[in-house]
Amino acid sequence: SSSSGGEALRDRRARILSRGLPKQKPIEGVKQVVVVASGKGGVGKSTTAVNIALALAANDSTKEVGLLDADIYGPSIPKMMNLKGNPELTPKNLMRPLKNYGIACMSMGFLIEETAPVVWRGLMVMSAVEKLLRQVDWGQLDYLVIDMPPGTGDVQLSVSQNIPISGAVIVSTPQDVALLDARKGAEMFRKVHVPVLGLVQNMSVFQCPKCKHETHIFGAGGVRDLAKTLGLDILGDVPLHVNIRETCDSGQPVVISQPQSDAAKAYLRIAMEILRRLPVPPA
């Protein structure tokens, strides 16, 4: 009868729900995971992730830092970190990260041709994310920075539900369209119980290299207003500067190549703010 069929369906639903979310399992050898995310593409999230990873290492040379590029469709870490080639395999069949500037890096970009598009459906993407999380020999890391793809989709949910994350950093420009999506990003992490450490206001101001006049190309203070609305902190402001773009394009990020520049100092301050907000890891 239809009533017994309805009961069976309800029972099945209850069983599925009782299983709950996948059990979070730490990445072997990794003490703390920090994800760098944005609701929207084109706001400088990968550039920020790369420079934050380098700044975390620069702030304390005793700490080991890794960088995982979880952007399956548009991996940019290989270019920004000046790395090429396929990872070697350990005797246990785990991939060894490629290393530059003291940072261990893993990216889909090491596993496919540089110009090859990744034309995959959701399940294949999830399988690739799982491999990048679980089949890499990170050694011993104090911090693993994960560069998330833009948006609030499968990859973000999968990463958040599979591994314990110490905190998320949301990157946005001050413009209204970017702020709408940044808010969604912050709310998503709260929903899956990932602490949001704060917001980074990127491309906050442009200073003319000739006359030093400052222009707020994307508007002024929008990220500050959003931070107030969400009850979050601003971790720092990064200016819109040609050096930041040029150094990342050439594979020599500004924190490494121009450590005395205002841009590098901005990233170093952001890294310090992140460290202040991270929980104390177990000994």
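Structure: above.
Residues numbered from 1 in each chain as written. Predicted model: local features only at pLDDT ≥ 70, side-chain atom pairs only at ≥ 80, totals over all residues. Heavy atoms only, no water.

Novice: Looking at this model, I keep getting lost on the overall build of the protein. Mind explaining?
Specialist: Scanning the protein from terminus to terminus reveals ten helices and ten strands. Taking all 283 residues of the protein together, 47% fall into the buried category. Nonlocal contacts in the protein, meaning residues at least 24 apart in sequence, comprise 76% of its contacts between residues at least 6 apart. With an accessible surface of roughly 14600 Å², the protein has 53% of that area assigned to carbon and sulfur atoms. (Helix = DSSP H or I, 4+ residues; strand = E, 2+ residues; numbered from the N terminus. Buried < 20%, exposed > 50% of the residue type's maximum accessible area, 1.4 Å probe, protein only. Contact = heavy atoms within 4.5 Å. Areas by Shrake-Rupley, 256 points an atom, 1.4 Å probe, with all protein chains shown as cover.)

Novice: Teacher, can you tell me more about the environment of Lys-265 here?
Specialist: In this fold, Lys-265 is placed in helix H10 (residues 262-277). The contacts of Lys-265, once residues within four sequence positions are left out, are Pro-259 and Gln-260.

Novice: What should I look at first to understand the side chain of Ser-46 in this one?
Specialist: Here Ser-46 lies in helix H2 (residues 45-59). In terms of polar contacts, Ser-46 uses its side chain to reach the side chain of Asp-147, at 2.6 Å. The contact partners of Ser-46, leaving out residues within four places of it in the chain, are Ser-76, Met-80 and Asp-147. (Polar contact = N/O pair within 3.5 Å; in protein donor to acceptor, adjacent residues only side chain to side chain.)

Novice: Would you mind going over the pairing of strand E1 (residues 30-37) with me for this structure?
Specialist: Within a regular strand, the side chains alternate between the two sheet faces. Among the eight residues of E1, seven are classified as buried, and the element is accordingly described as predominantly covered. In terms of strand pairing, E1 meets strand E6 (residues 167-172) through four bridges, oriented parallel. If you follow Ala-37 over to E6, its bridge partner there is Ile-170. (Pairing = 2+ DSSP bridges.)

Novice: Help me understand the environment of Gly-66 in this model?
Specialist: By the element assignment, Gly-66 lies in strand E2 (residues 65-69). Gly-66 sits in the buried class, given a relative accessible area of 0%. Considering only alpha carbons, one finds Gly-66 and Tyr-143, 77 residues apart in sequence, at a separation of 6.3 Å. With residues near it in sequence (within four places) discarded, Gly-66 still touches Ile-103, Ala-104, Trp-138, Leu-141, Tyr-143, Leu-144 and Val-145.

Novice: For this particular structure, what's the right way to read H10?
Specialist: Because the α-helix completes a turn every 3.6 residues, residues three or four places apart line up on one side. The end-to-end C-alpha distance of H10 is 23 Å, a good match for the 22 Å that 16 residues give at a rise of 1.5 Å each. When H10 is considered as a whole, its buried residues turn out to be Ala-263, Ala-264, Ala-266, Tyr-267, Ile-270, Ala-271, Glu-273 and Ile-274. (Expected span 1.5 Å × (residues − 1).)

Novice: Hey, could you run me through H2 in this one?
Specialist: The terminal C-alpha atoms of H2 lie 20 Å apart, and with 15 residues this matches the ideal 21 Å at 1.5 Å per residue to within 8%. Counting buried residues along H2, twelve of its 15 residues qualify, which places the element largely inside the surrounding structure. Burial in H2 covers these residues: Lys-45, Ser-46, Thr-47, Thr-48, Ala-49, Val-50, Asn-51, Ile-52, Ala-53, Leu-54, Ala-55 and Leu-56.

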